[in-house]
Amino acid sequence: MRIIRAEHLGMCFGVRDAIALALETSRREPLTILGDLVHNETVLEDLRANGINIRQQADSVDTRTVMITAHGASERAINKTRGLGLNLLEATCPLVHVAHRSLAKLVREGFHPVIIGRRDHAEVRGMTEDFDVFDVVLGEEDVENLQERARFGIISQTTQPIDKARRLVRLIEQRFPLSEVRFIDTVCQPTKQRQSAAVELAQKCDVVVVIGVTHSNNTHELVRTCSRFCQRVHHVQSAAELREEWFAGAETVGVTAGTSTPDAVIREAESQIHELSGRRLEQKWQPCFMSHGTLTGIPQIKTDFRK
């Protein structure tokens, strides 16, 4: 069985930079991160092991220095934190900053703000909290529920697939033909690269394993994308969740991972897939003995040699 990686997978530069900043700062002074720095419990456990506190609300912080996560935050939230007398560090991904600026520009120019993304996601909350009126859409039903506006200004959560974003923009244009619709593409390049690589991977694999936590948006989108081109797609958070029967009869297994999945977790999953395939091969090669001790089962061994 052959195991291949997607050309682009795993942690993006924004996540790596945020982790590096947190660790570097914690070596100088006590640090609290406001919210989950990234959507990966393995990473969060490592941060805690390095003495870093993680809190969801600024008013529960007991260190002088706090950090905004890679997902960003609204100006309202940032000003509230500074108002508590806390020293604020931003680990916001630069490409999330681009999305914030793009949305603010559209609003200044008189467009009604629409964000393509998950309403409950930290990144989307950071984008919308500065506005009293806005809409968040993720599917056709959300588009149907939109009220007519003279001008729609649309951006996307950075981890949404660009083809989904463009499809929803077209639906808004079709539903409101008299409205002006302007879309600024804020899907980040790492997401586009990982989505494109996932398509290429899934098209040439019998089985695809997608590694990432259950509440990671970009990981879920990788699962959906791979499922369009491969019937056997499995989403796991770690190597411990892999099952031997998933790989029965597979000649090629593909591996991809979300943007907050550590390299070590990917390597462990690949190693476990190798082990499971070896175990299955050993079982198929197990010789059978007749009651008088002669070896049988030779034809089956020949048949399965290629596996």
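Here, every reference points to the structure presented above.
Now for a quick tour of the structure. (Residues numbered from 1 in each chain as written. Predicted model: local features only at pLDDT ≥ 70, side-chain atom pairs only at ≥ 80, totals over all residues. Heavy atoms only, no water.)

1. Observations concerning the pairing of strand 12 (residues 252-257)
Among the six residues that make up strand 12, six are buried, leaving the element largely enclosed by the rest of the structure. Here strand 12 shows no split at all, with Thr252, Gly254 and Thr256 on one side and Val253, Val255 and Ala257 on the other all buried. One ladder, built from four bridges, connects strand 1 (residues 2-5) with strand 12; its direction is parallel. Its bridge partner being in strand 12, Ile3 is matched across the sheet by Val253. (Buried < 20%, exposed > 50% of the residue type's maximum accessible area, 1.4 Å probe, protein only. Helix = DSSP H or I, 4+ residues; strand = E, 2+ residues; numbered from the N terminus. Pairing = 2+ DSSP bridges.)

2. Section: the pattern of salt bridges
All told, the structure shown has 17 salt bridges when counted by the stated rule. With its nearest N and O atoms 2.8 Å apart, the salt bridge here joins Glu221 to Lys164. Within this pair, whereas Glu221 is found in helix 9 (residues 217-227), its partner Lys164 is found in helix 7 (residues 162-175), the two being separated by 57 residues in sequence. Relative accessible area serves as the criterion here: at 14%, Lys164 is assigned to the buried category. By relative accessible area, which is 3% here, Glu221 ends up buried. Members of the salt-bridge network, linked through shared partners, are Lys105, Glu109, Arg151, Glu180 and Arg182. (Salt bridge = Lys/Arg side-chain N within 4 Å of Asp/Glu carboxyl O.)

3. Examining the layout of surface pockets
By volume, the largest pocket is sized at about 610 Å³. Those elements giving two or more residues to the lining of the largest pocket turn out to be helix 3 (75-83) and helix 5 (122-128). By residue class, the composition of the lining of the largest pocket is six nonpolar, 12 polar and six charged. When its volume is computed, the second largest pocket comes out at roughly 200 Å³. What lines the second largest pocket is a set of 17 residues, among which Ala73, Ser74, Glu75, His100 and Asp130 lie closest to the centre. Only helix 3, helix 4 (94-108) and helix 5 provide two or more residues apiece to the lining of the second largest pocket. (1 Å grid on protein atoms, 1.4 Å probe; cavity = no way out; pocket = protein on both sides within 12 Å on 5 of 7 lines; lining within 4 Å. Points joined across faces, edges and corners; volume = space filled by probe spheres on them. Nonpolar A, V, L, I, M, F, W, Y, C, P; charged D, E, K, R; others polar.)

4. Quick notes on the packing of aromatic side chains
Across all of its chains, the model carries two aromatic pairs by this definition. Here Trp246 and Phe247 contribute two aromatic rings whose centre-to-centre distance is 6.4 Å and whose plane-to-plane angle is 65 degrees, an arrangement assigned as edge-to-face. For the pair Trp246 and Phe247, one class covers both residues: buried. Lying over the aromatic face of Phe111, Arg151 brings its terminal NZ or CZ to 4.0 Å of the ring centre. (Phe/Tyr/Trp six-rings, centres within 6.5 Å; stacked < 30°, edge-to-face > 60°. Lys NZ or Arg CZ within 6 Å of the ring centre and 35° of its normal.)

5. Quick notes on helix 9
Within helix 9, eight of the 11 residues are buried, which leaves it mostly tucked inside the rest of the structure. Listed as buried for helix 9 are Asn217, Asn218, Thr219, Glu221, Leu222, Val223, Thr225 and Cys226. Looking at the buried positions of helix 9, the neighbouring elements they touch are helix 7, helix 8 (189-203), strand 10 (207-211), strand 11 (233-236) and strand 12. (Contact = heavy atoms within 4.5 Å.)

6. Structural notes on the sheet that holds strand 1
One open sheet holds the four strands; their spatial order is 1-12-10-11, and the pairing between them is parallel. The open sheet terminates on both sides in strands that have one partner only, identified here as strand 1 and strand 11. Between one strand axis and the next, the sheet turns by 20 degrees as a mean value, whatever way the strands run. Running over the sheet, helix 8 touches strand 1, strand 10 and strand 12 and is turned about 165 degrees from strand 12. (Axes fitted to C-alpha atoms, helices over the stretch in contact; angles between N-to-C directions.)

7. Considering the side chain of Thr186
Relative to the assigned elements, Thr186 resides in the loop between strand 9 (180-183) and helix 8. With residues up to four places along the chain from it excluded, the contact list for Thr186 reads Ala99, Ser102, Ile155, Ser156 and Thr158.

8. Details of the pairing of strand 9
Of the pairings in the sheet, the one linking strand 8 (residues 151-156) to strand 9 comprises four bridges and is parallel in character. Note that in strand 9 the partner of Arg151 across the bridge is Glu180. For the crossover from strand 8 across helix 7 to strand 9, the handedness is right-handed. (Right-handed = clockwise from strand over helix to strand, strands pointing away.)

9. Observations concerning the side chain of Thr92
Within the element layout of this structure, Thr92 appears in the loop between strand 5 (87-90) and helix 4. Taking the relative accessible area as the measure of exposure, Thr92 reaches 10% and is therefore buried. Among residues more than four places away in sequence, those in contact with Thr92 are Ile68, Thr69, Ala70, Gly72 and His97.

10. Describing the sheet that holds strand 4 (residues 65-68)
Here we have four strands laid out as an open sheet, ordered 3-2-4-5, and parallel in their pairing. Lying at the two open borders of the sheet, with one neighbouring strand each, are strand 3 (53-55) and strand 5. Put simply, the sheet's adjacent strands are angled 30 degrees from each other on average, direction ignored. Looking at chain direction, strand 2 (residues 31-34) and strand 4 are connected through four bridges and run parallel. By the bridge assignment for strand 4, Leu34 is matched with Ile68. Where helix 1 (residues 13-26) meets the sheet, it contacts strand 2, strand 4 and strand 5, and its direction lies at approximately 175 degrees from that of strand 4.

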